[in-house]
Amino acid sequence: MPNKTDAIYAGPLQNIIDFQFDERVVAVFPDMIQRSVPGYGMIISNIGILAAKYAQAGSHCYDLGCSLGAASLAMRQRITAPGCDIIAVDNSPAMIERARELLALDSEPTVPVTMICADLQDVAIENASVVVLNFTLQFIPLAQRLALVQRIFAGLRPGGILILSEKIAFSEPERQHFHEELHHDFKRANGYSDLEISQKRSALEKVMIPETLACHQKRLQAAGFSSSELWFQCFNFASLVAMK
Ligand code: GEK
């Protein structure tokens, strides 16, 4: 399947239904995420670098909400610790089906990757050294986020890390406006029209809930993480690495 250009919200829509990770999104996903998330490619390659540093021999590395497995593939290329494997989870059957096809194209399999189609809430996290939530926590209901981060903390070995990337919100309206406008400029510069930007925003409104950096950091601390470092931010997109 060639990588198609995202035009899902290009025409005027009568009814904007809640965003879903279905076949239509899967077909355009690499294009959609590159043109929508500032620094996406850089974040993916640095997840590989972080995983190479923190993956411990004989441990599991998790990619929760893996979509097409970009972070798993980056980790797989870089991890050298012996006896590691990668467990990639997504609850969209269309995503996992395509992710498995892409994984099979990787001609030199090194670290084994298991792709699981499941709700990440139902997957045990154990003997982990690296856990990746790359733009996934924002889709988990607010009330369930602390328990999930606590479960990740409990499943990590000492010295293990959680890489948490999210679209973020700002409590001060002027800062929110500043970053949001720049993000829209980024999308316009990547060829999205104002109509596409506004229709996609409506589709995501109820399913993707961004929080402030302070809120994420407080939750990580409450879950037990000894520190969390902001290692990437561009406009309203950020990535933290939290250490156990
Ligand atoms: C990347 N990490 O390219 N259980 C499992 N998967 C879920 C759940 C859930 N409860 N909720 C949402 N997802 C990827 C990008 S995309 C981010 C992540 C975006 C999955 C959902 O099916 C989708 O594939 C992914 O989380 C979010 O590095 O598109 O903005």
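Placed above this text is the structure.
Parameters and conventions
- Residues numbered from 1 in each chain as written.
- Predicted model: local features only at pLDDT ≥ 70, side-chain atom pairs only at ≥ 80, totals over all residues.
- Heavy atoms only, no water.
- Helix = DSSP H or I, 4+ residues; strand = E, 2+ residues; numbered from the N terminus.
- Rg over C-alpha atoms; globule rule 2.2 N^0.38 Å.
- Buried < 20%, exposed > 50% of the residue type's maximum accessible area, 1.4 Å probe, protein only.
- Areas by Shrake-Rupley, 256 points an atom, 1.4 Å probe, with all protein chains shown as cover.
- Lys, Arg positive; Asp, Glu negative; His and termini not counted.
- Charge placed at Lys NZ, Arg CZ, Asp CG, Glu CD.
- Expected span 1.5 Å × (residues − 1).
- Contact = heavy atoms within 4.5 Å.
- Axes fitted to C-alpha atoms, helices over the stretch in contact; angles between N-to-C directions.
- Parallel < 35°, antiparallel > 145°, perpendicular 65-115°, else oblique.
- Left-handed = near helix turned anticlockwise from the far one by under 90°.
- Nonpolar A, V, L, I, M, F, W, Y, C, P; charged D, E, K, R; others polar.
- Pairing = 2+ DSSP bridges.
- Near = heavy atom within 4 Å.
- Polar contact = N/O pair within 3.5 Å; in protein donor to acceptor, adjacent residues only side chain to side chain.
- Core = buried A, V, L, I, M, F, W, Y, C linked by side-chain atoms within 4.5 Å.

Chemist: Just checking my understanding: could you explain the overall build of the protein chain for this structure?
Modeler: A count of helices and strands for the protein chain gives eight helices and eight strands. The C-alpha atoms of the protein chain give 18 Å as radius of gyration, which agrees with the globular expectation for 244 residues (18 Å, within 12%). Taking the principal axes of the C-alpha coordinates as reference, the protein chain spans close to 50 × 45 × 30 Å. Expressed as a percentage of the 244 residues in the protein chain, the buried residues total 49%. Accessible surface, the protein chain: about 11,400 Å² in total, of which carbon and sulfur atoms supply 55%. Between the centroid of the 21 positive side chains of the protein chain and the centroid of its 26 negative side chains there is a distance of 3 Å.

Chemist: What is the right way to read helix H4 (residues 93–105) from this model?
Modeler: The periodicity of an α-helix, 3.6 residues per turn, causes residues three or four places apart in sequence to face the same way. Over its 13 residues, H4 runs 19 Å from end to end, which matches the ideal 18 Å to within 8%, given 1.5 Å per residue. Close packing links the buried residues of H4 with helix H1 (23–36), helix H3 (70–78), strand S2 (85–90) and strand S3 (113–117).

Chemist: Sorry if this is basic, but what is going on with the packing of helix H5 (residues 142–155) against helix H8 (residues 213–223) here?
Modeler: The description of two helices packed together rests on the angle between their axes and the distance between the axes. Between H5 and H8, whose axes approach to 9 Å, the crossing angle comes to 50 degrees. The orientation of H5 relative to H8 falls into the category oblique. Judged by the twist between their axes, the crossing of H5 over H8 is right-handed. On the side of H5, the interface is formed by Arg145, Leu146, Val149, Gln150 and Phe153, while H8 contributes Arg219, Leu220, Ala222 and Ala223. Residue composition of the contact of H5 with H8, by class: six nonpolar, one polar and two charged.

Chemist: Explain the pairing of strand S7 (residues 227–234) here, please?
Modeler: The side chains of a regular strand alternate, residue by residue, between the two faces of the sheet. Pairing between S7 and strand S8 (residues 237–243): seven bridges, direction antiparallel. Bridge pairing in S8 places Ser228 opposite Ala242. Connecting S7 to the antiparallel partner S8 that follows it, the hairpin turn spans two residues, and Phe235 within it adopts a positive phi of roughly 50 degrees.

Chemist: I keep staring at H3 and nothing clicks. Help me out?
Modeler: By the burial criterion, the buried members of H3 are Ala71, Ser72, Ala74, Met75 and Arg76. Here the buried face of H3 lies against helix H2 (40–54), strand S1 (60–64), S2, H4, S3 and strand S4 (128–134).

Chemist: Teacher, can you tell me more about the site of the ligand here?
Modeler: Lining the immediate environment of the ligand, one finds 20 residues, of which Tyr40, Gly65, Ser67, Asp90 and Asn134 sit closest. Here Ser67 contributes a side-chain N or O atom positioned 2.8 Å from an oxygen atom of the ligand. For the ligand, whose unbound accessible area comes to 660 Å², protein coverage reaches 93%. Broken down by class, the residue content of the shell around the ligand amounts to eleven nonpolar, seven polar and two charged.

Chemist: Would you take a moment to explain the side chain of Arg219 for this structure?
Modeler: As for its placement among the helices and strands, Arg219 is situated in helix H8. Judged by its relative accessible area of 11%, Arg219 falls in the buried class. Among the polar contacts listed, one links the side chain of Arg219 to the side chain of Glu211, at a separation of 2.7 Å.

Chemist: Sorry, what's going on with the nonpolar core here?
Modeler: The nonpolar side chains of soluble globular proteins are, as a tendency, buried together. In terms of nonpolar packing, the biggest core is built from 44 residues, with Met75, Ile79, Val130 and Ile163 touching the most fellow members. Broken down by element, this core gets its largest block of residues, seven residues, from H2. The contacts of Met75, once residues within four sequence positions are left out, are Ile47, Gly48, Ala51, Cys61, Tyr62, Asp63, Ile86, Val130 and Val132. With 29 residues, the next largest nonpolar core counts Val89, Val123, Val131 and Ile140 among its residues.

Chemist: How should I be thinking about the environment of Ser228 in this particular structure?
Modeler: In this fold, Ser228 is placed in strand S7. With 71 residues separating them in the primary sequence, Ser228 and Arg157 have C-alpha atoms 16 Å apart. Those residues in contact with Ser228 that lie beyond four places of it in its chain are Gln217, Leu220, Val241 and Ala242.

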